[in-house]
Amino acid sequence: MRHLSRGRKLNRSSSHRIALARSQATALFRHGRIKTTLTKAKNLQPFVERLITTARGGDLHARRLVARDVHDKEVLRTLMDEIAPRYAERNGGYTRIYRLTNRRGDDVQEALIELVNDQ
């Protein structure tokens with residue numbers, strides 16, 4: 001039984017998985033959308049959604065909690081000042097995953113993960 005065993009291992013050590021999630025989240029906040037494999041996108045989605053939910057708090061404690069994972073100060077400022085307030089009235093569902101074609105070299109399915117534009 002796999003109780004309390006969430007997430008995917010992605011054939012990496014735990015520290016490498018954490019570093020991958022942090023770097024992909026930073027890239028997603030910087031560019032608004034990134035192209036990656038479907039498995040990595042599915043693994044990234046709950047990580048990013050938790051960061052945005054925490055950032056919606058807007059206070060110093062929320063900033064420090066998010067800063068543990070987003071190490072780029074400019075991206076952190078963008079997340080706290082622009083991205084999180086945009087989703088103030090939204091209860092989750094901040095990202096969307098689009099499936100793309102398979103990659104030519106190794107035939108793995110690619111995906112586009114993007115921040116949802118809330119008008």
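Residues numbered from 1 in each chain as written. Predicted model: local features only at pLDDT ≥ 70, side-chain atom pairs only at ≥ 80, totals over all residues. Heavy atoms only, no water.

J.: An account of the layout of surface pockets is needed here, citing residue identities and associated values.
T.: One number sums up the size of the largest pocket: a volume of about 430 Å³. Along its surface, the largest pocket is lined by 17 residues, and Arg6, Gly7, Arg8, Arg17 and Asn43 are the ones closest to its centre. For the lining of the largest pocket, the secondary structure elements donating two or more residues are α1 (14–31) and α2 (38–55). Partitioned by chemical class, the residues of the lining of the largest pocket number 4 nonpolar, 4 polar and 9 charged. (1 Å grid on protein atoms, 1.4 Å probe; cavity = no way out; pocket = protein on both sides within 12 Å on 5 of 7 lines; lining within 4 Å. Points joined across faces, edges and corners; volume = space filled by probe spheres on them. Helix = DSSP H or I, 4+ residues; strand = E, 2+ residues; numbered from the N terminus. Nonpolar A, V, L, I, M, F, W, Y, C, P; charged D, E, K, R; others polar.)

J.: Pulling in residues and values, what's your account of the pattern of salt bridges?
T.: Counted by the stated rule, this structure contains 8 salt bridges. Residue aspartate 69 is joined to arginine 22 by a salt bridge in which the shortest nitrogen-to-oxygen separation is 2.9 Å. On the criterion of sequence distance, the pair formed by aspartate 69 in the loop between α3 (60–67) and α4 (73–86) and arginine 22 in helix α1 is long-range, its members being 47 residues apart. By relative accessible area, which is 16% here, aspartate 69 ends up buried. Here aspartate 81 makes a salt bridge to arginine 63, at a shortest N to O gap of 3.7 Å. In this pair, aspartate 81 sits in helix α4 while arginine 63 sits in helix α3, placing the two residues 18 residues apart along the sequence. Look at aspartate 81 and you get partly exposed, because its relative accessible area is 46%. (Salt bridge = Lys/Arg side-chain N within 4 Å of Asp/Glu carboxyl O. Buried < 20%, exposed > 50% of the residue type's maximum accessible area, 1.4 Å probe, protein only.)

J.: Give a description of the nonpolar core that names residues and reports values.
T.: In terms of nonpolar packing, the biggest core is built from 28 residues, with Phe29, Leu44, Ile52, Val70 and Leu79 touching the most fellow members. Of all the elements in the fold, those that place two or more residues in this core are α1, α2, α3, α4 and β3 (109–115). In terms of residue count, the dominant contributor to this core is α2 (8 residues). Sequence-distant contacts of leucine 44, defined by excluding residues within four places in its chain, comprise Ala21, Gln24, Ala25, Leu28, Ile34 and Ile113. (Core = buried A, V, L, I, M, F, W, Y, C linked by side-chain atoms within 4.5 Å. Contact = heavy atoms within 4.5 Å.)

J.: How would you explain the packing of aromatic side chains if you had to name every residue and give the values?
T.: For any pair of aromatic rings, the description consists of the separation of the ring centres together with the inter-plane angle of the planes. All chains considered together, the criterion is met by 1 aromatic pair. Relative to tyrosine 94, the ring of tyrosine 87 lies with its centre 5.1 Å away and its plane at 50°, an arrangement referred to as tilted. What makes tyrosine 94 buried here is its relative accessible area of 1%. (Phe/Tyr/Trp six-rings, centres within 6.5 Å; stacked < 30°, edge-to-face > 60°.)

J.: Give a description of the packing of α2 against α3 that names residues and reports values.
T.: For the pair α2 and α3, the least separation of the axes is 8 Å and the interaxial angle reads 160°. As judged from the angle between their axes, α2 and α3 are roughly antiparallel. Here α2 and α3 pass one another in a crossing that is left-handed. Across from Leu51, Thr54 and Ala55 in α2, the residues of α3 making contact are Ala62, Leu65 and Val66. In terms of residue class, the contact of α2 with α3 is made up of 5 nonpolar, 1 polar and no charged. (Axes fitted to C-alpha atoms, helices over the stretch in contact; angles between N-to-C directions. Parallel < 35°, antiparallel > 145°, perpendicular 65-115°, else oblique. Left-handed = near helix turned anticlockwise from the far one by under 90°.)

J.: Run through empty space enclosed by the protein, naming residues and quoting values.
T.: Enumeration over the complete set of coordinates arrives at 1 cavity of 30 Å³ or more. Taken as a whole, the largest cavity holds about 50 Å³ of empty space. Taken together, the elements giving at least two residues each to the lining of the largest cavity come down to α1 and α2. Looking at the lining of the largest cavity residue by residue, the classes come out as 4 nonpolar, 2 polar and 2 charged.

Everything listed here is a matter of geometry and, on its own, says nothing about what the molecule does.
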